[in-house]
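The primary structure of each chain is shown beneath.
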Amino acid sequence: MTTLQTINTRHSEELELLNERIHSRLATGSSLMSRIVLSMLQSKGKQLRPLLLMMCARMFGDISDNVLDAAVAVELLHNASLVHDDVVDDSMTRRGRPTVNAVWNNHIAVLVGDYFTSSAMQAAIATGDIRIVDALCKLGRRLSLGEIDQISNAREHTLDIEGYFRVIDYKTASLFVASAEMGCYAAGAPESARVILADFAANFGRCFQLRDDVFDYFDSEAVGKPTGNDLREGKVTLPLLYALESAPAEEREAALKLLAHDSLDTEEIARLQEFARANGGIERAYEEMRRLRDAGCEALRRLPANPIVDELTALFDFIIERKY
């Protein structure tokens, strides 16, 4: 049993209540929307964001209706962003299943994403806590800006480590930060704890995305899922940026010529994957993940002793070590 499975088992009651409420929030009289929603909920992913929200809340009390509604809100907005991202990226699969746009077309996918977004707002408003509503609205803005900046970087062939982190802070880490903050708000946690858990979540979110990016630089058979997609879409992530910094000049120039192309074929993607692996990009990425882990866990040490703190530390280790 993996660390995540163990933690999920410990929090199975909360997760069951979460999923019941998600189904309730998405209930509709539209037969087509109901079919699409049911299909999506059959592949719900790891649900790390609402899990983190409920774990943060659990440090300070029981899982109340407000905590559940806040968790529903962040999970629905996350799923809305995935549906919209699949339209933008013209993705045909997610989590090994056809995307909404692949099955029903882009027009319907955009409307489904909008429906999830509106349902997320309703869940946040149901808490009656303007701080939770505000956090969700700010999250939506950051997700949109992150996607825009990522598209801009790909179109302009921007090769910038600072820009890379800005994108993942908006597109990925913001979800975990908002989850931690909304969990604290819903549970009535002290402000000092909210700041600490937001700090932890920012490091956690960066690490989560960086581990995902590393998957893209290996053969799909080794990883067990399609790889090279970032490069195919013009997205240059940290392992390749690190390799460009340390590679010999001749190899670096060859890689830069490939990256100047508007599109890459399978052979060119394989060459860039090998370039990143051969020039220390993967090793440096893992060094950064370990640095993020140390910073996140250092933040947690400022909290009083609590079993949840130990679980969050173990969850961070799982993120780095995971194979999927």
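Because the structure is predicted, anything quoted here is derived from the model rather than measured.

K.L.:
I'd like to hear about unusual backbone geometry, residue by residue, with values.
P.N.:
Residues other than glycine seldom take positive phi values, yet Asp-90 does so here, at roughly 55°. Classification of Asp-90 as exposed rests on a relative accessible area of 52%. Even without being a glycine, Asn-105 presents a positive backbone phi close to 95°. As for its position among the elements, Asn-105 is in the loop between helix 6 (100–104) and helix 7 (106–126).

K.L.:
Just give me the short version of the environment of Val-103, but keep the residues and values in it.
P.N.:
Secondary-structure assignment places Val-103 in helix 6. When the C-alpha positions of Val-103 and Ala-123 are compared, they lie 28 Å apart, and in sequence the two are 20 residues distant.

K.L.:
Any chance you could break down the environment of Ser-119 for me, citing the residues and the numbers?
P.N.:
Within the fold, Ser-119 resides in helix 7. Of the residues examined, Ser-119 reaches a relative accessible area of 3% and is grouped as buried. Along the backbone, Ser-119 and Leu-77 are 42 residues apart, and their C-alpha atoms lie at a distance of 8.3 Å. Filtering out sequence-adjacent residues up to four positions away, Ser-119 remains in contact with Arg-25, Leu-26 and Leu-76.

K.L.:
Account for the pattern of salt bridges, naming residues and giving values.
P.N.:
Per the stated rule, a full pass over the model turns up 24 salt bridges. Notably, a salt bridge pairs Arg-94 with Asp-86, separated by 2.7 Å at the nearest N-O pair. Residue classification places Arg-94 among the partly exposed positions, given a relative accessible area of 30%. The buried category is assigned to Asp-86, whose relative accessible area is 5%. In this structure, the salt-bridge partner of Asp-169 is Arg-206, at a minimum N-O distance of 2.8 Å. Linking Asp-169 in helix 9 (residues 161–187) with Arg-206 in helix 10 (residues 191–215), this pair joins segments that are 37 residues apart in sequence. A cluster of three or more residues bridged by salt bridges with shared partners is formed by Arg-21, Arg-25, Asp-65 and Asp-69.

K.L.:
Tell me about helix 8 (residues 130–155), and please be specific about residues and values.
P.N.:
An α-helical turn contains 3.6 residues, so a residue and the one three or four places further along point in the same direction. A rise of 1.5 Å per residue sets the reference length of helix 8, with its 26 residues, at 38 Å; its end C-alpha atoms lie 38 Å apart and thus fit the reference within 8%. All of the buried residues along helix 8 are Ile-132, Val-133, Ala-135, Leu-136, Leu-139, Leu-143, Gly-146, Glu-147, Gln-150 and Ala-154. At its buried positions, helix 8 is contacted by helix 5 (65–89), helix 7 and helix 9. After helix 8 finishes, the residue His-157 shows a positive phi value of roughly 55°.

K.L.:
Can you explain the layout of surface pockets? Please cite residues and give values.
P.N.:
Reported here for the second largest pocket is a volume of approximately 290 Å³. Forming the walls of the second largest pocket are 16 residues, and the residues nearest its centre are Ser-39, Met-40, Pro-98, Thr-99 and Val-100.

K.L.:
Tell me about the environment of Leu-76, and name the residues and values.
P.N.:
With respect to the element layout, Leu-76 can be found in helix 5. On the accessibility criterion, Leu-76 (1% relative accessible area) is buried. In the structure, Leu-76 is positioned 81 residues away from His-157 in sequence and 32 Å away in space, judged by C-alpha atoms.

K.L.:
I'd like a rundown of helix 17 (residues 307–321), residues and numbers included.
P.N.:
Taking 1.5 Å per residue as the helical rise, helix 17 with its 15 residues ought to reach 21 Å, and the 21 Å between its terminal C-alpha atoms agrees with that figure. Burial in helix 17 covers these residues: Ile-308, Val-309, Glu-311, Leu-312, Thr-313, Leu-315, Phe-316, Phe-318, Ile-319 and Ile-320. In this structure, the buried residues of helix 17 make contact with helix 1 (3–10), helix 4 (48–58), helix 10 and helix 16 (281–300).

K.L.:
Kindly report on the packing of aromatic side chains, identifying the contributing residues and their values.
P.N.:
Taken as a whole and judged by the stated rule, the model has 6 aromatic pairs. Here the aromatic rings of Tyr-164 and Phe-165 are separated by 5.2 Å at their centres, their planes lie at 70°, and the arrangement is edge-to-face. For the pair Tyr-164 and Phe-165, a shared accessibility class is recorded, and that class is buried. Through pairs of rings, three or more aromatic residues link up here, namely Phe-176, Phe-200, Phe-204, Phe-208 and Phe-316. One residue, Arg-211, lies across the ring of Phe-215, its end atom 4.0 Å from the ring centre. Positioned above the aromatic ring of Phe-208, the side-chain terminus of Arg-322 is 4.3 Å from the ring centre.

K.L.:
Got a sec to walk through the packing of helix 4 against helix 17? Specific residues and values, please.
P.N.:
Running from N to C, helix 4 and helix 17 cross one another at 155°; their axes reach a closest spacing of 10 Å. With respect to helix 17, the element helix 4 is oriented roughly antiparallel. Crossing hand, helix 4 versus helix 17: left-handed. Across the interface between the two elements, Leu-48, Leu-52, Met-55 and Arg-58 of helix 4 pack against Ile-308, Glu-311, Leu-312, Leu-315 and Ile-319 of helix 17. For the contact of helix 4 with helix 17, the residue count by class is 7 nonpolar, no polar and 2 charged.

The rules we used
Residues numbered from 1 in each chain as written. Predicted model: local features only at pLDDT ≥ 70, side-chain atom pairs only at ≥ 80, totals over all residues. Heavy atoms only, no water. Buried < 20%, exposed > 50% of the residue type's maximum accessible area, 1.4 Å probe, protein only. Helix = DSSP H or I, 4+ residues; strand = E, 2+ residues; numbered from the N terminus. Contact = heavy atoms within 4.5 Å. Salt bridge = Lys/Arg side-chain N within 4 Å of Asp/Glu carboxyl O. Expected span 1.5 Å × (residues − 1). 1 Å grid on protein atoms, 1.4 Å probe; cavity = no way out; pocket = protein on both sides within 12 Å on 5 of 7 lines; lining within 4 Å. Points joined across faces, edges and corners; volume = space filled by probe spheres on them. Phe/Tyr/Trp six-rings, centres within 6.5 Å; stacked < 30°, edge-to-face > 60°. Lys NZ or Arg CZ within 6 Å of the ring centre and 35° of its normal. Axes fitted to C-alpha atoms, helices over the stretch in contact; angles between N-to-C directions. Parallel < 35°, antiparallel > 145°, perpendicular 65-115°, else oblique. Left-handed = near helix turned anticlockwise from the far one by under 90°. Nonpolar A, V, L, I, M, F, W, Y, C, P; charged D, E, K, R; others polar.

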